[in-house]
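Observations on chain architecture
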Amino acid sequence: MGSTLGRLEAREPISKRNLNKIKKVGKKMSTEENEQTPSTPAAPVEAVTPPVDEGDEWGFVGGMDETVVHDDRLLPDNAAQTAINCGFVGVGGGGGKLAKAFMDLGFNKTILVNTTDKDQPPGVDAAHFLNVPGADGVGKDVNLGKKVLSDNSALVEDACRSRLGKLDWLFVLAGGGGGTGSACHALHGAFSRYLKSLEGEGSVVYIVSKPSAQELLNPAIEENYAALLADVSAHPHIVIDNERQLQLLRGKVGLLNMYPSANATFAKQLGQVFKLADTASDISAFDANDLERCLRTPGRIFVGSTVVKDTSTRDLGASVFQGCLKGSPCPAPTGKPETGMLLLLVTSAMANDPDVSNRLEAAAAYVGGRANTLFQGVYVNDKVPGLIAFVLFGGMN
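The paragraphs below set out a description of the structure included in this document.

So, about the overall build of the chain. A tally of regular secondary structure across the chain gives 13 helices and 10 strands. Going through the 397 residues of the chain one by one, you find that 44% of them count as buried. Sequence separation of 24 or more characterises 77% of the internal contacts of the chain that already satisfy a separation of 6 or more. When the accessible surface of the chain is totalled, it reaches about 21,500 Å², and 53% of it is carbon and sulfur.

Time to look at the pairing of strand 5 (residues 204-210). Of all the 7 residues making up strand 5, 6 are buried; the element is thus mostly covered by neighbouring parts of the structure. Alignment of strand 4 (residues 169-175) against strand 5, held across 6 bridges, turns out to be parallel. Residue pairing for strand 5: L170 is matched across the bridge by V204. The parallel pair strand 5 and strand 6 (residues 236-241), bridged by helix 7 (residues 219-232), forms a crossover whose chirality is right-handed.

Taken together, the 10 strands give an open sheet; going across it, the order is 3-2-1-4-5-6-7-10-8-9, and neighbouring strands pair in mixed fashion. The open sheet has two edge strands, strand 3 (129-131) and strand 9 (373-380), and neither has a second partner. Between one strand axis and the next, the sheet turns by 20° as a mean value, whatever way the strands run. With 5 bridges joining them, strand 5 and strand 6 adopt parallel strand pairing. Along strand 6, the bridge assignment pairs S209 with I240.

Judged by nonpolar contacts, the single largest core of 65 residues is most densely connected at F102, F171, I207, F274 and L387. Considering each element in turn, this core owes the most residues, 8 residues, to strand 10 (residues 387-396). Beyond its immediate chain neighbours, meaning those up to four positions away, I207 contacts L98, F171, V172, L173, A174, I238, I240, F266 and L270. If you look at the next biggest cluster of nonpolar residues, it comprises 32 residues, including V89, V113, A159 and C160.

Turning to helix 13 (residues 354-368), a few remarks are in order. Compared with an ideal rise of 1.5 Å per residue, which puts 15 residues at 21 Å, helix 13 spans 21 Å between its outermost C-alpha atoms and is within 8% of the ideal. Within the sequence span of helix 13, burial applies to V356, R359, L360, A363, A364, V367 and G368. Its buried side turned inward, helix 13 meets helix 11 (316-326), strand 8 (339-346), helix 12 (348-352), strand 9 and strand 10. Its side-chain oxygen placed 2.9 Å from the backbone nitrogen of D355, D353 serves as the N-cap of helix 13.

What follows is about the side chain of R163. Relative to the helices and strands, R163 is located in helix 5 (residues 153-164). There is a polar contact of 3.0 Å between the side chain of R163 and the backbone oxygen of F129.

With that out of the way, let us pick up the packing of helix 8 (residues 242-249) against helix 9 (residues 258-276). Across the interface, helix 8 lies against helix 9 with an axial gap of 10 Å and an inter-helix angle of 100°. The pairing of helix 8 with helix 9 is recorded here as roughly perpendicular in orientation. Two secondary-structure elements touch here, helix 8 through N242, Q245, L246 and L249 and helix 9 through M258, Y259, S261, A262, N263 and F266. Residues belonging to the contact of helix 8 with helix 9 are distributed by class as follows: 6 nonpolar, 4 polar and no charged.

The subject of this paragraph is the layout of surface pockets. Size it by volume and the largest pocket reaches roughly 690 Å³. Considering the residues around the largest pocket, the lining is formed by 35 residues, among which G93, G94, G95, G175 and G178 are closest to the centre. For the lining of the largest pocket, the secondary-structure elements that each account for two or more residues are helix 3 (92-104), strand 4, helix 8 and helix 9. Along the lines of polarity and charge, the residues of the lining of the largest pocket split into 10 nonpolar, 20 polar and 5 charged.

The tally for this structure, following the rule as stated, stands at 10 aromatic pairs. With a centroid separation of 5.6 Å and an interplanar angle of 40°, the aromatic rings of F171 and F274 are classed as tilted. Highlighted residues: F171 in strand 4 and F274 in helix 9, separated in sequence by 103 residues. You can call F171 buried: its relative accessible area is 0%. Note on F274: relative accessible area 0%, which makes it buried.

Next up on the list: the side chain of E292. Mapped onto the elements of the fold, E292 is located in helix 10 (residues 288-296). Excluding residues within four positions of it along the chain, E292 makes contact with I84 and W169.

Quick look at helix 7 now. Helix length check: helix 7, at 14 residues, gives a terminal C-alpha distance of 20 Å against a target of 20 Å (1.5 Å per residue), a fit within 8%. Within helix 7 the residues assigned to the buried category are I221, N224, Y225, L228 and V232. In a view along the axis of helix 7, the buried residues occupy a sector of 100°, so they form one face of it. Of the exposed residues in helix 7, the ones pointing more than 90 degrees away from its buried face are P219, E223 and A230. Lining the buried residues of helix 7 we find helix 4 (142-151), strand 4, strand 5 and strand 6.

Basis of the calculations
- Residues numbered from 1 in each chain as written.
- Predicted model: local features only at pLDDT ≥ 70, side-chain atom pairs only at ≥ 80, totals over all residues.
- Heavy atoms only, no water.
- Helix = DSSP H or I, 4+ residues; strand = E, 2+ residues; numbered from the N terminus.
- Buried < 20%, exposed > 50% of the residue type's maximum accessible area, 1.4 Å probe, protein only.
- Contact = heavy atoms within 4.5 Å.
- Areas by Shrake-Rupley, 256 points an atom, 1.4 Å probe, with all protein chains shown as cover.
- Pairing = 2+ DSSP bridges.
- Right-handed = clockwise from strand over helix to strand, strands pointing away.
- Axes fitted to C-alpha atoms, helices over the stretch in contact; angles between N-to-C directions.
- Core = buried A, V, L, I, M, F, W, Y, C linked by side-chain atoms within 4.5 Å.
- Expected span 1.5 Å × (residues − 1).
- Polar contact = N/O pair within 3.5 Å; in protein donor to acceptor, adjacent residues only side chain to side chain.
- Parallel < 35°, antiparallel > 145°, perpendicular 65-115°, else oblique.
- Nonpolar A, V, L, I, M, F, W, Y, C, P; charged D, E, K, R; others polar.
- 1 Å grid on protein atoms, 1.4 Å probe; cavity = no way out; pocket = protein on both sides within 12 Å on 5 of 7 lines; lining within 4 Å.
- Points joined across faces, edges and corners; volume = space filled by probe spheres on them.
- Phe/Tyr/Trp six-rings, centres within 6.5 Å; stacked < 30°, edge-to-face > 60°.
- Arc of directions from axis to C-beta.

Here is the structure:
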């Protein structure tokens, strides 16, 4: 062992000079090998001739455009004129009946979701109805309703995607007090995913009805409504007060048609706002961006309308504002709303009258002072029975 180590230590270390010698020897050996091996000529590369098809010469143009996939379950487009691309989902019995009122106006992008087919309104095609499995109704048990809807959230999301298609805004309608409608917020994740997956630019807006004073005497109904209101309070939402609706319609329609008439009146009121936002004006227009700003602000939304026959009154602003409060199914505005909207429909005679124009400006200031931001539109229509006004406030806590 010792002699071997000695021999290893006695070897000359690999110096830079020795390393150069090794490189030269290696290069010489490589040259000799190349001289001994005759070079083989490379095979010629064969050119590829593309197939000639003059008919497909421009087939690539538009090849990367968005492809529209047609689903046989897709509902027809909305026939109602509207500035926003929207759809409606009625949840539960009360929500389904309110959703049908929008369907009757031509909002075809509407589906009704329920835990029993017994609440399917007459005249509603099966393509607009989704009966989720798991319970034949939930008997005003909001906890059971939330469980059933949560368990079937994927089914509801798929129904929205396949039947409603691409939308920007989704209005979820529910009757407060029932077990299914009061549980509708359990589907909020599914609704939000649906809009996001199709790149919807809007959001989910809730429209919930408050039970009448007589109905609120039932503790279960009162608790269910309170739970629903707490769930939607952080989102844009409209509250419809059934007691106010009954007072507005009492003596005008029979008991059987009370709620159908109330639903139809509210749907027409909101539908007119959507339509006017899509209508041009030579004076002042309220457009889609203004409407979306009002709808997007979190908090409660108030909607009201009125007609003023006498435009000569000095307090036209107060008449417009108070008339919209009285003619609204919504609870009165509270606090200082973030956004406000005033839409006025006038005749040509009104528009050309300097005195009326001055009073209209005063009315705008009267309403606008009650909101942080006011959007306004004035439209000339000689068919209106008087000065028609629409007021909307958004972002109320």
